[in-house]
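# Chains, contacts and geometry: an overview
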Amino acid sequence: MARVLVVGGGIGGLWTAVRAADAGHEVELVTKTELADGNTRHAQGGIAAALFPDDSAERHFADTIEAGAGLGDPASVRVLCDEGPARVRDLIRFGVAFDHGDSGLERGLEAAHSRARILHAGGDATGAAIEHALVATVRRRAVRIHEHTMLVDLLVTAGPDGGRVTGARLLSASGDLFEATADAVVLATGGAGQLFCHTTNPDVATGDGVAAAWRAGAEVADLEFVQFHPTALAAPGTPLISEAVRGEGAVLRDAEGHRFMADLDPRAELAPRDVVARAVWRRSLEQDGVPVTLDATALGRAFLDRRFPGLGAACRDAGFDWAAEPVPVTPAAHYAMGGVVTDLDGRTSLPGLFAVGETARTGVHGANRLASNSLLEAAVFADRAVRALPEAGHSARPAGAPPVGAPHEASGNPETHAGAPVDRAALQALMWQHVGLERTAGGLAAASAVLDAWRAPEPHDRRTAEDRNLLDLARLTVAAAAARTESVGAHFRADAATDRARTSTRPAAGRRHHDVAGVHQIADAEEAA
Ligand code: SIN
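Residues numbered from 1 in each chain as written. Predicted model: local features only at pLDDT ≥ 70, side-chain atom pairs only at ≥ 80, totals over all residues. Heavy atoms only, no water.

### Section: the overall build of the protein chain
Cut-off, in case you're wondering: Each helix corresponds to a stretch of at least 4 residues labelled H or I by DSSP, and each strand to a stretch of at least 2 residues labelled E; elements are numbered beginning at the N terminus. Each residue is assigned to one of three classes by its accessible area relative to the maximum for its type, calculated with a 1.4 Å probe on protein chains only: buried under 20%, partly exposed between the two thresholds, exposed over 50%. For this analysis, residues touch if any pair of their heavy atoms sits within 4.5 Å. Residue burial considers only the protein chains on display, and all accessible areas are found by Shrake-Rupley using a 1.4 Å probe.
Looking only at helices and strands, one finds 15 helices and 21 strands in the protein chain. A burial count over the protein chain gives 61% of its 529 residues as buried. Partitioning the intrachain contacts of the protein chain with sequence separation of at least 6 by distance along the chain shows that 73% fall at a separation of at least 24. Accessible surface computed for the protein chain: about 18700 Å², of which carbon and sulfur atoms make up 51%.

As structure tokens, then:
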């Protein structure tokens, strides 16, 4: 049986650790903060799967491909939709109590789903319920857990057929760098919402696994496809207001109170997420940066309190009573469709290295992820990755063999780069301004020039290690966005000659991005705080 190092404590990492331990592997799990502190617990809407008699894997497949603007990999999407129901049943066995009504499991509707198929728990606390159940499950397994331990780099050893990953360089809670060897490393470090100054993601989402895999020479792809969620509350911290709220009937209104989405797409508020996010962004531009509002008042206080207790509290914390008034919303960076390229079993291009969850680019999301497919993807492909782990240990780094130098050292080697150390807040603002919902060749070139002038810090603590990762990923994302000159899905080129994106809204001319879409309201509130 193999020695398996799992990096990350969200659904992908926990699922891998539990299943690998059950399969008899020797498992260590490292996580940057505490086990439950990743993106998973912030997931509100739920988990999508074709579980009901009026639904089918075929319908779920078609919706996923359509939402992904046709760029999803059909083989991966097939696996996701066919195996999804079994993984949801596994979650129930792990102890997740999905919400029930009088006639059985409750199910919600979200954007671009042709059927109500989203299971939820605790109303709007699905991610937290899943995280809780999986943390309890992993603690009952023989898994060695190291919290407050961060991935810095992968160990790669040369072989006749190229490099093999043989472990990882880690940073301990006390700030010591050390090496852990393994027969297989599974990256499950989540996404990189912290590339942007407005994000629904927690602080830990700095793309550590993708950056380390790239530095080690693994193939990464689709980094230009960053999903911006249409409805983050336009308040400090941009808390997420789940798409499930629109699924229950809430509508978007402009400054005149007009329900503008109905003019733009027959699916109105339930058009694919990229379409709605771009429309929200543009309407805010057109009204001089005043945020549009999400109007859930027609749902009634009793329903809102029962179905979305966490969201009601988030609105109250920001000073809004959403049962009584529409609340201001703005798009915010939410999810990375791209990442480390994997096959259908989580294998990356480097032997010994696997990736699952948001870290992986399995191909299921195409250019825009279908709502509530992310938790499902993590479960389905983590399960498959465990089945693909080596039976017996591949030898870890042979005694005395030095690790091969990382093939990509553009940002990773501070020695070779002059310039000021990267400034995280400035990087996040730069990415929002030039690599946000609308991109142009000029903006991307400007972003690239600024990024090139920064150097990565030596990774000696969590902050510096994260900054190095953010700089690497920002450069890669800008390069990917510049290379894709057409608009498709979440990647919108305002200067594209052809527009494969599905929105028909009119661009607002002559406005500067940082003046709009709730950003100055957020900035005002932050200043006032
Ligand atoms: C939401 O609840 O709107 C987010 C769920 C998701 O990202 O799929």
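### A short note on the confidence of the model for the protein chain
The criterion, for reference: Values of pLDDT, ranging from 0 to 100, describe the predictor's confidence in every residue of the model.
Counting all residues, the mean pLDDT for the protein chain is 90, and 88% of those residues have values of 70 or more. Taken as a whole, residues 395–406 scores under 50 in pLDDT and shows 22 contacts with residues more than four places along the chain or in a different chain. In the model, residues 501–529 has pLDDT below 50 throughout and makes 61 contacts with residues more than four positions away in sequence or in other chains.

### Observations regarding the pairing of strand 2 (residues 26–30)
Walk down a regular strand and you will see the side chains alternate between the two sheet faces. To be explicit about the condition: By this definition, two strands are paired if DSSP reports at least two bridges between them. Assignment of crossover handedness uses the view with strands pointing away from the viewer, where a clockwise path from the first strand over the helix to the second indicates a right-handed crossover.
One ladder, built from five bridges, connects strand 1 (residues 3–7) with strand 2; its direction is parallel. Note that in strand 2 the partner of valine 7 across the bridge is valine 30. Taken together, strand 1, helix 1 (residues 11–22) and strand 2 form a β-α-β motif whose crossover is right-handed. Direction of pairing for strand 2 relative to strand 7 (residues 143–146): parallel, over a ladder of four bridges. The residue of strand 7 that forms the bridge with valine 27 is valine 143.

### Topic: the nonpolar core
So the rule is basically this: In this description, a nonpolar core means a group of buried Ala, Val, Leu, Ile, Met, Phe, Trp, Tyr and Cys residues linked to one another through side-chain atoms lying within 4.5 Å.
Core analysis: the biggest nonpolar cluster contains 56 residues, and Leu154, Val185, Leu187, Leu195, Leu353 and Leu427 have the highest contact counts within it. At eight residues, helix 14 (residues 462–483) tops the list of elements feeding residues into this core. In contact with leucine 195, other than residues within four places in its own chain, are Leu427, Gln428, Met431, Leu470, Leu473, Ala474 and Thr477.

### Overview of empty space enclosed by the protein
Our working rule: The distinction between a cavity and a pocket rests on a 1 Å grid over the protein atoms alone: a 1.4 Å probe fits inside a cavity but cannot get out, while a pocket stays open yet meets protein on both sides within 12 Å along at least five of seven lines, and a residue with an atom within 4 Å of a point counts as lining. Grid points are joined across faces, edges and corners, and a volume is the space filled by probe spheres set on the points.
Applying the stated criterion across every chain, the model contains four cavities of 30 Å³ or more. What the largest cavity holds in volume is close to 190 Å³. Lining the largest cavity are 23 residues, and of these Ala192, Leu195, Leu223, Val226 and Ala336 lie nearest its centre. Those elements that place two or more of their residues in the lining of the largest cavity are strand 16 (327–336) and helix 14.

### A look at the site of the ligand
The condition that has to hold: Nearness is defined per residue: one heavy atom within 4 Å of the molecule or strand is enough. Polar contacts, as counted here, are pairs of nitrogen or oxygen atoms within 3.5 Å of one another; within protein the pair requires one atom able to donate a hydrogen and one able to accept it, and residues that are adjacent in sequence qualify only if both atoms are side-chain atoms. Residue polarity is assigned by list, with Asp, Glu, Lys and Arg as charged and Ala, Val, Leu, Ile, Met, Phe, Trp, Tyr, Cys and Pro as nonpolar; anything else, Gly included, falls into the polar class.
Inspection of the region around the ligand gives Gln44, Gly45, His229, Leu240, Ser242, Glu243, Arg273, His334, Arg369, Ala371 and Ser372 as its neighbouring residues. Between the ligand and serine 242, the relevant distance is 2.6 Å, taken from an oxygen atom to a side-chain nitrogen or oxygen of the residue. Here the residues of the shell around the ligand sort into two nonpolar, six polar and three charged.

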